[in-house]
Each structure stands twice: as C-alpha cells, then as structure tokens.
Amino acid sequence: MGEEHQVSSSYWLETAPDGHHPALDGDLDVDVAVIGAGIAGLSTAWELTRAGRSVAVLEAGRVAAGVTGHTTAKVTALHTLVYDKLRRTRGPEGARLYARSQSEAIGHAARIAEELGVDCEWETRSAYTYARDPGRVAELRAEAEAAAEAGLPASFVTETGLPFPVAGAVEVTGQAQFHPRKYLLALATDLVERGGRIFEDTTVLGLDEGEPCRLSTATGATVRARDVVVATHYPIFDRALLFARLSTRRELVVAGTIPAGQDPGGMFITPDEDTRSVRTAPLEGDRRLLIVTGEHFTPGTSDPRARLERLAAWATGHFPDLEVTHRWATQDTEPTDTVPMVGPLHPGARHAYVATGFGGWGMTGGIMAGRLLTAQITGEECEWSGLYDPRRLKTAVREAPALLKTQAKVAGHFVGDRLRPSPPVESLPPGEGAVVRADGHRVAVYRDEDGGFHAVSARCTHLGCLVDFNAAERAWECPCHGSRFDTDGKVIQGPATKPLEQRDL
C-alpha cells in the first residue's frame, strides 16, 4: 500500500512537547472530576481551578492527543452556514447569543495565551465561508446578513485570497488560528501548578450520581466528586437521549509546505465539494504550512484511501508548489438540532454535566463550554445557558427529520451490516482487514505486514453494531456512534470504553 494512501501523525502532535501525567492508581476525593483532556475538558478544569475548586482530569489516553490533537484549529465564530438557520429556528435572540458566546471565547483564549506567556502561534485572520457555484450566492448573502444581525463583523464579498475565483463569500474579520496543543499543554501545566491533577491512561467505566458522585475506572480506582463533567467528545454515558441526537463524521486532512507568498491570507471553508477547508500556519523561513481538510464520511462506511487521494489532488491542483508532509484524520460530532449540548447531563441531573456536539467547531465551542460549565457549577448566571442546554427536547422534536435520519442510519447498520458477504480469511493481503464469519460469529480479522492474523470480535463494545476496517488508518470503526479500535481491539476513540474481545480463528 502506497504511503500516499496512509495517514501519518498530526502536525500538532509532532511539533509540541509531549507532557506526561501518571495513571490513577488509588481512590481520590475532589470537588470536580472532569472526564476527558481535550479542549473542552481542559478548559473546564482550568476555569474551575481558577475558581478555587479542587479538580481531577481523567483521560483515557494522552492530554490533547485525541480529537483536539487532530483539529484544524480555527478559532472563529463563523461556523460555515449557521446564522441564517439559527435566526429561523431559534429566533434572532438565539443567533445573537450564539455569536456572542463564540466570539467571547476567542477573546478569552487570546487573553489566556498572553497571561500564560505561551507561544501558541496565535494569528488574527478573517474567516470566510465561500461557494464557487453562483446558485448559492443568495444563501451566502442571507448568511452574511444573519451573521451581521447577530453581532459579528460580517459582510458578503466576491474577492478572496484563494487561488481561484469564487461566486461569493461571507467574511468575518478579527477571527484567529493557533497551535492547539501548545495552547492546551500550557493550560495543563498551569492547572497542575495551581493544585489541579491530571491522570492519563485512566479509563472511566461507570458513573454513580450520588452525593458525592462516584466514578469507577478500569484500574479499579474510585473517584468521589461533588460534580462530574463528561467531556469525552462523544459522551460515554447516555442519560438524556444524547446518542439519538448525535451523529459522527470523520474527515481527512492533508498538510504541507508552500511558499509564504502563496498564503491565501485567511481561513476558508465551503460546504461544497464534500467540504473543503483551507488555512495556513507559520513555519520558519519563507514557508507556510498549508492545511486542507475535507472528504468527510461516517466512520466504518468508506475506504478513505481514494478520498485521501482526491483531497491531495485538490490541494496540489490549487497550490502547485505544495509539498505534502502530513496526512491525518479528525472526527466531529454533529447535533441533530444544530447547537452544541453543554450543561446538565440529563433532566434529573444535579451534579453531572456534559459538553458535546461541537460539529467541527470545538475550539471556540470547547472554550465556551469551560466558561459555561464553570458558571453552572459555581452557581453563577450565564446568559446562554438555555441555548446550549442538553435537556432541550423541543428543538430536537422541531428538527425531527434530522434526528430520524440519524436513527435510521444506525438501525440500517445494526441490521444490514450483519448481512454482508464474508470474504475468505486467506484472501486478505498484508495490511488489510475484513469482517469474516467464524463458528457462526462475526470476527474482525487484520493481516499484518508479516502475514500474521489478528482476530477480535466484530461487535462494538458500545451498543453492539458491527465494526468495519479503515485501511488508511488501520483501525476498526463503528458506523453507529463512531467508536474506533486498533487492530488488536484496543479502544482508540469512544464512546466505547472496553476493547473488542479477542477471538481465535
């Protein structure tokens, strides 16, 4: 398999020092336990520590190495095409609260970076949502008008710095981009210096919402906390029909160097062409790092190798001097009713909270969530608590077609994937995987480069859907809720918390 068809590590993970935190090896009592050390979890923990709470962060892997470590890291309140829809579904006030909460997150992050003295490559840029199809100009004009009405410095333009003409674009000035891992590692360091604790390689398995709450971990340790925040990107607990209201998409990333003079000078995204997102990052000398994303798909439903090739061809076609150095993938969680879910975990929750459904805009969303959850836990008022409340079932009903479509896809995979034909194990070439039948069971089999077979149960440990093989990333993926496992069954990404069971062929 050609290297150009395989993913590599994220640029952000390669270029930031790798801090290390111990695994939890004994029981613990704290004011607040935060599950997940991405931008939402670390932002929440940092804010709570500043507010005087004792905090423990529990991370199944490494700090800022999951979804946050694979983002494009745009810090912007322009989220493709959202404001015209919010104006219609949540009213002008809902759109205004969304714009204000996201915009304040940008300023808050800038102040934190300055206060901590971290060089996180912060750059102020305009953000653009563009289209090349003249048929979408009216839609873009409506979005620019709605965004401006919501309070953003937004306008409709027909000229951008992209190396090709556009039919039109929404421009919002004064947005930002940064190195997410450098920012978050600085946050983690400051958190620990102020008495907070971070535990890596610590998987949470259960939550008992008593007083105090009790978290059980895979190592057998118990964490007791007055309040618990579930910030695992996709929630590992479903206590407010969250699984029915979230869908997961995976998206590919191609990055490489270009001459600094070819920098398009902004952050760009189009909903067309299976999504194309473009930004750059600073490098030494007269080069910039070009980052292009797109080709989104549901995990476990597509062979990403052809998609990766298409994305790279698009990038080099428009930036001929691009020297591709990195290929990776990211994962996003979409709410069926547009707005992230940040607040109480379920209608009866008194001390359990969640942050999820950022829809690809987790940088501002995660920072916003940290401030919102801290306000709720410390008893302060927050103007946009109602907008993001996960218990909002009215909007889920109002946008029921999206919810029903999501559930139909899950049901289709749960039944239909069990009817797929089974290839013979011996036909698998090295570096490939497939789900086969063995003794009446579905078994996920991977053949390594030396010809050896690795067999695990094909039944996802989350809710029982069948996994499929992602050859570009050499991982088993669940199409129902996005859980991902390595070739030996270890959990890479939740909501699953337990590995795929080992099988003998």
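The rules behind these values
Residues numbered from 1 in each chain as written. Predicted model: local features only at pLDDT ≥ 70, side-chain atom pairs only at ≥ 80, totals over all residues. Heavy atoms only, no water. Core = buried A, V, L, I, M, F, W, Y, C linked by side-chain atoms within 4.5 Å. Buried < 20%, exposed > 50% of the residue type's maximum accessible area, 1.4 Å probe, protein only. Helix = DSSP H or I, 4+ residues; strand = E, 2+ residues; numbered from the N terminus. Contact = heavy atoms within 4.5 Å. Expected span 1.5 Å × (residues − 1). Axes fitted to C-alpha atoms, helices over the stretch in contact; angles between N-to-C directions. Left-handed = near helix turned anticlockwise from the far one by under 90°. Nonpolar A, V, L, I, M, F, W, Y, C, P; charged D, E, K, R; others polar. Pairing = 2+ DSSP bridges. Phe/Tyr/Trp six-rings, centres within 6.5 Å; stacked < 30°, edge-to-face > 60°. Lys NZ or Arg CZ within 6 Å of the ring centre and 35° of its normal. Disulfide = S-S within 2.5 Å.

A word on the nonpolar core
As a rule of thumb, nonpolar side chains are buried together in soluble globular proteins.
Part 1 of the reasoning: If you look at the biggest cluster of nonpolar residues, it comprises 81 residues, and the most contacted ones within it are Y83, Y183, V342 and Y388.
Part 2 of the reasoning: In terms of residue count, the dominant contributor to this core is helix α4 (residues 91–116) (nine residues).
Part 3 of the reasoning: Residues within four places of Y183 in sequence aside, it is in contact with A109, I112, A113, C120, F178 and I367.

What to know about α4
Part 1 of the reasoning: Look at α4: 38 Å from first C-alpha to last across 26 residues, which is about the 38 Å you get at 1.5 Å a residue.
Part 2 of the reasoning: Backbone geometry just downstream of α4 places G117 in the positive-phi region, at approximately 65 degrees.

Quick notes on the packing of helix α2 (residues 39–50) against helix α8 (residues 362–378)
Part 1 of the reasoning: Packing of α2 against α8 leaves a shortest axis separation of 8 Å and a crossing angle of 40 degrees. Regarding α2 and α8, the two cross each other, and that crossing is right-handed. Between α2 and α8, the residues in contact are I39, A40, S43, T44, E47 and L48 and G362, M363, G366, I367, A369, G370, R371, L373, T374, I377 and T378, respectively.
Part 2 of the reasoning: In the contact of α2 with α8, the residues fall into eight nonpolar, seven polar and two charged.

As for the environment of P264
Part 1 of the reasoning: As for its position among the elements, P264 is in the loop between β11 (246–259) and β12 (267–270).
Part 2 of the reasoning: Along the primary structure P264 and L162 are separated by 102 residues, whereas in three dimensions their C-alpha atoms are 5.1 Å apart.
Part 3 of the reasoning: The contacts of P264, once residues within four sequence positions are left out, are G161, L162, V278, T280 and F319.

Describing the pairing of strand β8 (residues 204–208)
Part 1 of the reasoning: Across four bridges, β8 lies against strand β9 (residues 213–217) in antiparallel orientation. Paired with D208 across the two strands is R214, which belongs to β9.
Part 2 of the reasoning: Two successive antiparallel strands, β8 and β9, enclose a turn made up of four residues.

Details of helix α5 (residues 137–149)
Part 1 of the reasoning: Helix length check: α5, at 13 residues, gives a terminal C-alpha distance of 18 Å against a target of 18 Å (1.5 Å per residue), a fit within 8%.
Part 2 of the reasoning: On its buried side, α5 packs onto α3 (83–89), β4 (123–131), β5 (154–157) and β6 (168–177).
Part 3 of the reasoning: After α5 finishes, the residue G151 shows a positive phi value of roughly 110 degrees.

Focus: the packing of aromatic side chains
Part 1 of the reasoning: All chains considered together, the criterion is met by ten aromatic pairs.
Part 2 of the reasoning: Ring pairs connect the aromatic residues Y83, Y98 and Y388, which therefore count as one cluster.
Part 3 of the reasoning: Sitting above the plane of the F164 ring, R132 keeps its charged end 4.2 Å from the centroid.

Considerations on the pairing of β11
Part 1 of the reasoning: Of all 14 residues in β11, twelve are buried, a share of seventy percent or more.
Part 2 of the reasoning: For β11 and strand β15 (residues 323–335), the ladder comprises twelve bridges, and the chain directions are antiparallel. Across the sheet, the residue bridging to L252 is A329, located in β15.

Brief notes about the state of the cysteines
Part 1 of the reasoning: Counted by the stated rule, this structure contains one disulfide.
Part 2 of the reasoning: The disulfide that involves C465 links it to C480, with 2.0 Å between the sulfurs. The chirality of the disulfide connecting C465 with C480 is left-handed, given an S-S dihedral of about -90 degrees. In this pair, C465 is assigned in the loop between β20 (453–457) and β21 (468–470) and C480 in the loop between β22 (475–477) and β23 (484–485), connecting sequence segments 15 residues apart. Here C465 and C480 have matching classes, each one buried.

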